[in-house]
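Structural characterization, general
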Amino acid sequence: QVHLVESGGGLLQPGGSLRLSCAASGFTFNMYAMSWYRQAPGKERELVATINYNGESANYANSVAGRCTISRDNTKSTVYLQMNSLKPEDTTVYYCQVIIRLQNYWGQGTQVTVTS
């Protein structure tokens, strides 16, 4: 059974940094691309970043490019999202996601709140 557990969210001031983690289990982690999404209340879920199966390639949304870095540790079956220069508009719930045989799997999300 695929299981994704996000952690690392919190309350920060603008300009701050944090690292989100997503621990995966139930599938062969090093075979699949992993993504981070975020979703604010009343808005569609937004793709933040994607990393390929071996960590050699990543893509970012324009809204976070230059401020975020996605990475993975295949020995720990964990994907990370390092977020720097946080802005109030980054406030939302962040989810990790994997697609396995055309099936989307999501974690429960972790809340990030950026406020002064």
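Above: the structure in question.
Below: a short report on this structure. (Residues numbered from 1 in each chain as written. Predicted model: local features only at pLDDT ≥ 70, side-chain atom pairs only at ≥ 80, totals over all residues. Heavy atoms only, no water.)

By definition, a disulfide links two cysteine residues through a covalent bond between their sulfur atoms. Enumeration according to the criterion identifies 1 disulfide in this entry. C68 takes part in no disulfide bond, and the closest cysteine sulfur, belonging to C96, lies 15 Å away. (Disulfide = S-S within 2.5 Å.)

Moving on, we come to the sheet that holds strand β1 (residues 3-7). Pairing is antiparallel across the open sheet formed by 4 strands, whose spatial order is β1-β3-β8-β7. Only two strands of the sheet have a single neighbouring strand rather than two, namely β1 and β7 (68-73). In this sheet, neighbouring strand axes are inclined to one another by 15 degrees on average, regardless of whether the strands run parallel or antiparallel. Here strand β3 (residues 18-25) pairs with strand β8 (residues 78-83) via 6 bridges, running antiparallel. Within β8, the residue paired with L18 across the bridge is M83. (Pairing = 2+ DSSP bridges. Helix = DSSP H or I, 4+ residues; strand = E, 2+ residues; numbered from the N terminus. Axes fitted to C-alpha atoms, helices over the stretch in contact; angles between N-to-C directions.)

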